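Observations on the model geometry
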Amino acid sequence: MNTSIQHNMSLSGEPPVALSTWQKIGVLVGMFGLGILLLAIFNVNFPNKTLWLTVSLISITLGISLFSYGLYTSQPAGIKNDGVWLKPMTSKGLIAWITGIAITGFYIVLYFYPQYLGLNTDKNTGLVALFDPLSRFLNGNPASQWFVYGTLYTVAILAFGIKFLWKYRNNRYEVLRTFSVMFFQLSFAFIIPELMARMNSDSFSLPYYDLKNIWPLNYYNFDQYRVDDFISSGNIGIALLIFGVASILIITPILTYKYGKRWYCSWVCGCGGLAETAGDPFRHLSDKRLSAWKLERWMVHIVLVFSVLMTTAVVHSYLSYDADKYWLNKDTFLIGVAVLIGLLFAVIWIFKRHELEKDARYGAIGFTAIILGLISIHYFSGNNIFIFGPETLRSTYAFLIGSIFAGVVGTGFYPIFGSRVWCRFGCPMAAILGLQQRLFSKFRITTNGGQCISCGNCSTYCEMGIDVRAYAQRGENIVRASCVGCGICSAVCPRGVLKLENGPQKGRINTKEVLLGNDVDLLSLSSSSDTEK
């Protein structure tokens, strides 16, 4: 009798008890590669670091690939999430908590105690030393904790990207965007910046630049030392500085208008890339409650206001007062920022206030906060704002937002809070793109309410916590600032109700939605109906 054959008549689709042969091989190979890294953390000195690092990274990637092959290759066409609420790893079980704590612990050590990973001023040891050969090959210098982090981050996106490709191989859109995030992470975020650093010499200096990061994600890009590096690098440095300004003021609005925020959040961004690949098994854990959505709206825009004020304060601190000597002085800069923000708010208020209503009020609050902040920068003592100096403000932002929120919480707690906690509640870039998408983008998700069977797959697997089913049941177009256009809601729909489109502005938002005021009413109706059931 073949005891490996498992029969399951449950509609919940329990996961198989036994692993397939390919999965077992994948676990063995992957754990071997991970074991090498763990031994390095405990200061095991590998004689040939180039060989052992290569074996480790290849083993991890190959192990995940073999496991994915064994998991999905025998399944028929279509996307399967069998037993996702029953597995301890994907249902906030013990394994999930252990994994979350382990990843969080690694992030804390990486950010604040890199010496325990082997980072030393004279000679690296431990895990950091294991990455020295690759770092010297790419940028000519010994590895830092950030090089270790960037390498492992890239390997994670590539390896879990392969897993994602196996799972969604029958969906062309998912395949294309996964190849896109893998390409941008490997080339624009990892290899090219490292090679740029290698070009530095005594007579030529080129600043490190993650080409896919856009302000305010690279909040340090307009610090004085960065601007000085750009200027001292000659034409290439000036071009990079101009590219940084043009990215947020010109390139971003144009691409968001044409394609929605998905062009960045789901096709380019490294944070989004990790969330979509390594975080895919946890997307159903996103909080779908109305209270979570209200908190999301406030938090993400508070972070955006904080980043605008912080950057403005830092730039203001190193500009001159002398209007005769410098055309870009402190007063000109503050007036320019205030005018730009004022014009943006005026356009929104004139053309979109009837459509947005409550959203416009939130915008008014944010606008007021920014203007008051700019006035404070100008009139309070010296370069300080609200007593604190600009560098203190920047370091506080870097610690609370850049390190704790984006790194430790945003990634470490995938198995507990879902994969897009940072994108939903803290990413200022997502806030900017979301406002643009909501206001003038051609992107929308159209629905065919007559075909909806209310299975709830779309809402369950929306990593941004959107109750997609509430829109589908009413045949409403989905135009939400938080939607990253990942397309999973459409991919898991058994009836083809949802479709991602770039269409004309006319008819983009439904009359019913306008009359209701905003998305809160739609979600409230959905929550009420679920409660009655």
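Refer to the structure presented above.
Rules and cut-offs
- Residues numbered from 1 in each chain as written.
- Predicted model: local features only at pLDDT ≥ 70, side-chain atom pairs only at ≥ 80, totals over all residues.
- Heavy atoms only, no water.
- Buried < 20%, exposed > 50% of the residue type's maximum accessible area, 1.4 Å probe, protein only.
- Helix = DSSP H or I, 4+ residues; strand = E, 2+ residues; numbered from the N terminus.
- Pairing = 2+ DSSP bridges.
- Core = buried A, V, L, I, M, F, W, Y, C linked by side-chain atoms within 4.5 Å.
- Domains from an automatic or database assignment.
- Axes fitted to C-alpha atoms, helices over the stretch in contact; angles between N-to-C directions.
- Left-handed = near helix turned anticlockwise from the far one by under 90°.
- Contact = heavy atoms within 4.5 Å.
- Nonpolar A, V, L, I, M, F, W, Y, C, P; charged D, E, K, R; others polar.
- Salt bridge = Lys/Arg side-chain N within 4 Å of Asp/Glu carboxyl O.
- Bend = angle between axes of the 7 residues up to and from the residue.
- Phe/Tyr/Trp six-rings, centres within 6.5 Å; stacked < 30°, edge-to-face > 60°.

1. Some words on the pairing of strand β1 (residues 443-447)
Counting buried residues along β1, five of its five residues qualify, which places the element largely inside the surrounding structure. In β1, alternate side chains face the same way, and those of Phe 443, Ile 445 and Thr 447 on one face and Arg 444 and Thr 446 on the other are all buried. In this structure, β1 lies alongside strand β2 (residues 498-502), joined through five bridges in antiparallel fashion. Note that in β2 the partner of Thr 446 across the bridge is Lys 499.

2. A short note on the nonpolar core
Ranked by size, the top nonpolar core spans 73 residues in total, and within it Tyr 264, Trp 422, Met 429, Val 468 and Leu 498 carry the most contacts. For this core, the leading source of residues is helix α12 (residues 290-318), giving 10 residues. No fewer than three residues from each of domain 1 (290-429) and domain 2 (439-514) sit in this core. Counting residues in each nonpolar core, the second largest holds 38 residues, with Leu 127, Ala 143, Tyr 153 and Ile 157 among its members.

3. Describing the packing of helix α3 (residues 94-112) against helix α6 (residues 145-167)
For the pair α3 and α6, interaxial distance at closest approach is 9 Å and the crossing angle is 145°. When you trace α3 past α6, the crossing you get is left-handed. Residues Phe 106, Tyr 107, Leu 110 and Tyr 111 of α3 form the contact with α6, whose participating residues are Gln 145, Trp 146, Tyr 149, Leu 152 and Tyr 153. Residue classes in the contact of α3 with α6 are distributed as eight nonpolar, one polar and no charged.

4. Observations regarding the pattern of salt bridges
Pairs can form between side chains of opposite charge once their charged atoms are near each other. Per the counting criterion, the structure on display carries 12 salt bridges. Residues Arg 283 and Glu 463 are paired through a salt bridge, measuring 3.5 Å at the closest nitrogen-oxygen approach. Remark: Glu 463 occurs in the loop between α19 (457-460) and α20 (468-474) and Arg 283 occurs in the loop between α11 (270-277) and α12; sequence separation between them is 180 residues. The burial state of Arg 283 is the same as that of Glu 463; both residues are buried.

5. Considering helix α9 (residues 235-259)
Of all the bends in α9, the greatest measures close to 55° and is centred on Ser 247. Listed in full, the buried residues belonging to α9 are Gly 237, Leu 240, Leu 241, Gly 244, Ala 246, Ser 247, Ile 248, Thr 252 and Thr 256. One or two residues past the end of α9 sits Gly 260, with phi positive at roughly 80°.

6. Quick look at the packing of aromatic side chains
Counted under the stated rule, the structure contains 20 aromatic pairs. Where Tyr 113 meets Tyr 116, the ring centres are 6.1 Å apart and the plane angle is 45°; that geometry is what we call tilted. Here Tyr 113 falls in the partly exposed class, since its relative accessible area comes to 40%. Taken together, a centroid distance of 5.3 Å and an interplanar angle of 75° make the contact between Phe 183 and Phe 184 edge-to-face. Overall, Phe 183 belongs to the partly exposed group, its relative accessible area being 45%. What links up through ring pairs into an aromatic cluster is the set Phe 106, Tyr 107, Tyr 111, Phe 112, Trp 146, Tyr 149 and Tyr 153.

Just distances and angles here, no functional claims.
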